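# What the coordinates show
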Amino acid sequence: MVESVVKNWQGEQIGQQTFELRVAKETTAAHIVHRALVRQQTNARQGTASTKTRAEVRGGGRKPWRQKGTGRARAGSIRSPLWRGGGVIFGPKPRDFDLKMNRKERRLALRTAFVSRVDDLIVVEEFSNELSRPKTKDLVAAFTRWGAEPESKILLILSDFPENVYLSARNIENLKLIAADQLNVYDLLHADKIVITTSALDKLQEVYNG
């Protein structure tokens, strides 16, 4: 069980919030998180890089000169891989990079990655009502009061996206806004600070502990 301080809009401590997530054993935690991270980054590859072999390059059907007697090296096609404009030897072809990982393993890796960042976790109460209108400056000031400097990479986890919060957050350079049920290992590990609302924390436990 993990206990975190809850802060209000002004940055004051107003209570404690506890949460419990089943995580991997200490001996296997790093391995399973690493597997999940490699899977996510590998599956993000498009796999559309393509080159043409000598058989696919247009032209080159006629022998450029006779086999013997010219004093030049023998050549059978102007589309040889040795020639400029020729085919490519062992070049990339479209392929599927997808790696498989069991759903239970993926969720275990996600919970383990989240709990491993507990020292950089900032729990705040719902603040959508504090923004009467979209105002990036007010949200940046709130992050500073919470202890997350705007220059650092911040991951903001919400249960839903109120319009004022979304419009205020979208122009902050180092801020990533994500829903509690759409978490991924890369974003959890990449952020310097993780800011999560109390309702998002409850939703996270509901979704990923099931």
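Quick note: structure is the one above.
The structure presented is a predicted model; accordingly, all values stated were derived computationally and were not measured.

How each quantity is defined
Residues numbered from 1 in each chain as written. Predicted model: local features only at pLDDT ≥ 70, side-chain atom pairs only at ≥ 80, totals over all residues. Heavy atoms only, no water. Salt bridge = Lys/Arg side-chain N within 4 Å of Asp/Glu carboxyl O. Helix = DSSP H or I, 4+ residues; strand = E, 2+ residues; numbered from the N terminus. Core = buried A, V, L, I, M, F, W, Y, C linked by side-chain atoms within 4.5 Å. Buried < 20%, exposed > 50% of the residue type's maximum accessible area, 1.4 Å probe, protein only. Contact = heavy atoms within 4.5 Å. Arc of directions from axis to C-beta. Pairing = 2+ DSSP bridges. Axes fitted to C-alpha atoms, helices over the stretch in contact; angles between N-to-C directions. Patch = residues over 30% accessible without salt bridge, like charges linked within 9 Å, V, L, I, M, F, W, Y side chains within 5 Å. Areas by Shrake-Rupley, 256 points an atom, 1.4 Å probe, with all protein chains shown as cover. Expected span 1.5 Å × (residues − 1).

## Looking at the pattern of salt bridges
Going through the model one piece at a time under the given rule, you end up with six salt bridges. A salt bridge links Glu105 to Arg35; the shortest N-O distance between them is 3.0 Å. Of this pair, Glu105 sits in helix α2 (residues 103-116) while Arg35 is found in helix α1 (residues 26-43), placing the two residues 70 residues apart along the sequence. Residues Lys93 and Glu56 are paired through a salt bridge, measuring 2.7 Å at the closest nitrogen-oxygen approach.

## What to know about the nonpolar core
If you look at the biggest cluster of nonpolar residues, it comprises 31 residues, and the most contacted ones within it are Phe114, Ile157, Leu188 and Ile196. The set of elements that each furnish at least two residues to this core consists of β1 (2-7), α1, α2, β3 (121-124), β4 (154-158), α5 (185-190), β6 (193-197) and α6 (198-208). Broken down by element, the residue count for this core peaks at five residues, all from α1. Residue contacts for Leu188: discarding those within four places in its chain leaves Leu110, Ala113, Phe114, Arg117, Leu155, Ile157 and Ile194. Core analysis: the next-biggest nonpolar cluster, separate from the first, contains 19 residues, Leu131, Ala142, Phe143 and Val165 among them.

## Some remarks on helix α3 (residues 136-146)
When α3 is considered as a whole, its buried residues turn out to be Leu139, Ala142, Phe143 and Trp146. One side of α3 holds all its buried residues, which, seen down the axis, span an arc of 100°. Where α3 is buried, its residues touch β1, β3, β4, α4 (163-169), β5 (175-179) and β6. Of the residues trailing α3, Gly147 is marked for its positive phi of about 105°.

## A look at the sheet that holds β3
Read from one edge to the other, the open sheet built from six strands follows the order β2-β1-β3-β6-β4-β5, with strand pairing classed as mixed. Both edges of this open sheet fall to β2 (13-19) and β5, since each of them pairs with a single strand only. For this sheet, the mean angle separating the axes of adjacent strands, direction not counted, is 30°. One ladder, built from four bridges, connects β4 with β6; its direction is parallel. Its bridge partner lying in β6, Leu155 is registered against Ile194.

## A short note on the environment of Gly71
Looking at the element boundaries, Gly71 is found in the loop between α1 and α2. A sequence separation of 56 residues divides Gly71 from Phe127, and the C-alpha atoms of the two residues are 82 Å apart.

## With respect to a nonpolar patch on the surface
There is a patch of nonpolar side chains on the surface, built from Ile78, Leu82 and Trp83 and spanning about 310 Å² of accessible area. One can find Ile78 in the loop between α1 and α2.

## Description of α2
Taking 1.5 Å as the rise per residue, α2 with 14 residues should run 20 Å; its terminal C-alpha atoms sit 20 Å apart, in good agreement. Taken together, the buried positions of α2 are occupied by Ala109, Leu110, Arg111, Thr112, Ala113 and Phe114.

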